[in-house]
Amino acid sequence: MSSYAEAIERRFGDGGPSGDGVEDNDFIRRVISRRTVRQYSDSVPSDSLLDLLVAGALSASAKSDFQQASILRVVDPAKRAAMGALFPAMPWIGVSPVFFVFLGDARRLQRIGQLREKPVQNGTLEGFFNATVDAALAMQTMILCAESVGLGVCPISVIRNEIDKIAEILGLPDLVFPVAGLCLGYPRTEGHVSLRLPRLATAHLDHYNDSALPQALDDYDRRRNARHAIPREQQRSNAEHGEASFYGWSEDKARQAAKAEGAAFPPYLRSHGFTFD
């Protein structure tokens, strides 16, 4: 058995490759074993450590060296409370020891063009996409750095659902937008390993092929339900779809996606400098 087998089984449980024949690598095993943490101790990481994590995050790859990610740490208690109040079902947003917001920053490149008297217009779809990916890469890099020193994290994408209020709280200018927040601190509980879809459905070779998706989903739903079933009272939209006798991950996500989220995000972006041309 490989040194990765237990971690891969916990993460996927799909009977797929288990890393046989690969030399042990502690970093890879930690990545496969990573957990979502939403409860934290009262201990706050030192500013020196947080500065180091920011440096690590900003060392992530960046499209064309444009470097269109910015990182905003929210410390002010009033701002933290205001953000937390927007999402009462997620109290960790307001009370985690540290909260970062990762920003797609298309403004900086446009300002550079103005300063150098070049006709840069960065509110295009390409500009938005590049800035979004840069911010996401920076956040994931911080996540891995933080976990390597014993910290726990929980990404928060829901902040985009209240984009107008979040932007006002954070004082965001045109062409700067939140991609996600990140709760961070020393874990008070172990957190949980989220079972991922079978690699049969998500990893492809030479061409895209999703013919096995129906069977893969059924298998995944039942394995995930056995590990952490969704309680009956947490079924979504029963008034529209009825109560399901078996309510697996795919049913839950299909119902969630049936109601559009983030409706305020596109009009906000268009009114703050993005044309998406």
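In this text, all values refer to a predicted model and were calculated from it rather than measured experimentally.

**A few points about the packing of aromatic side chains**
Thinking step 1. Going through the model one piece at a time under the given rule, you end up with nine aromatic pairs.
Thinking step 2. Each member of the aromatic cluster is reached from another via a ring pair, and the members are F128, F177, F265, F274 and F276.
Thinking step 3. Here R199 stacks its cationic end above the ring of F12, 4.6 Å away from the centre of that ring.

**Observations concerning the packing of helix α3 (residues 47–57) against helix α7 (residues 125–148)**
Between two packed helices, what matters for the description is the angle formed by their axes and the separation of those axes.
Thinking step 1. Relative orientation of the contacting elements α3 and α7 amounts to 135°, with a least axis distance of 8 Å. Here α7 runs oblique to α3, going by the angle between their axes. Handedness of the α3/α7 crossing: right-handed. Between α3 and α7, the contacting residues are L53, V54, G56 and A57 on the first element and A138, T141, M142, C145 and A146 on the second.
Thinking step 2. Along the lines of polarity and charge, the residues of the contact of α3 with α7 split into seven nonpolar, two polar and no charged.

**A few points about the pattern of salt bridges**
Thinking step 1. Going through the model one piece at a time under the given rule, you end up with 16 salt bridges.
Thinking step 2. In this structure, the salt-bridge partner of R35 is E190, at a minimum N-O distance of 3.7 Å. You can see R35 sitting in the loop between α2 (26–32) and α3 and its partner E190 sitting in the loop between β4 (176–185) and α9 (199–202), a full 155 residues away along the chain.
Thinking step 3. Assessed through its relative accessible area of 23%, R35 is described here as partly exposed.
Thinking step 4. The exposure class of E190 is exposed, given its relative accessible area of 59%.
Thinking step 5. Put simply, R223 and D219 hold a salt bridge, and the shortest N to O gap is 3.0 Å. Residue R223 and its partner D219 are both found in helix α10 (residues 213–228); the two are separated by four residues, about one turn of the helix.

**Side note on helix α8 (residues 163–170)**
Thinking step 1. Within the span of α8, buried status applies to I163, I166, A167, I169 and L170. Summarising the axial view, the buried residues of α8 lie within an arc of 160°, below the 170-degree limit, and thus occupy one face.
Thinking step 2. In this structure, the buried side of α8 is in contact with β1 (69–73), α4 (77–85), β2 (98–105), β4 and α13 (265–270).
Thinking step 3. Looking one or two residues beyond α8, the residue adopting positive phi is G171, at roughly 65°.

**Comments concerning the nonpolar core**
Thinking step 1. The biggest cluster of nonpolar side chains holds 51 residues, and the ones touching the most others in it are I156 and L184.
Thinking step 2. When contributions to this core are tallied by element, the ones reaching two or more residues are α3, α5 (92–95), β2, α7, β3 (152–156), α8, β4 and α13.
Thinking step 3. Top contributing element to this core by residue count: α7, with eight residues.
Thinking step 4. Ranked by size, the runner-up nonpolar core spans five residues in total, among them Y4, I8, F12 and I32.

Calculation criteria
- Residues numbered from 1 in each chain as written.
- Predicted model: local features only at pLDDT ≥ 70, side-chain atom pairs only at ≥ 80, totals over all residues.
- Heavy atoms only, no water.
- Phe/Tyr/Trp six-rings, centres within 6.5 Å; stacked < 30°, edge-to-face > 60°.
- Lys NZ or Arg CZ within 6 Å of the ring centre and 35° of its normal.
- Axes fitted to C-alpha atoms, helices over the stretch in contact; angles between N-to-C directions.
- Helix = DSSP H or I, 4+ residues; strand = E, 2+ residues; numbered from the N terminus.
- Parallel < 35°, antiparallel > 145°, perpendicular 65-115°, else oblique.
- Left-handed = near helix turned anticlockwise from the far one by under 90°.
- Contact = heavy atoms within 4.5 Å.
- Nonpolar A, V, L, I, M, F, W, Y, C, P; charged D, E, K, R; others polar.
- Salt bridge = Lys/Arg side-chain N within 4 Å of Asp/Glu carboxyl O.
- Buried < 20%, exposed > 50% of the residue type's maximum accessible area, 1.4 Å probe, protein only.
- Arc of directions from axis to C-beta.
- Core = buried A, V, L, I, M, F, W, Y, C linked by side-chain atoms within 4.5 Å.

That's the geometry; what it means functionally is another story.
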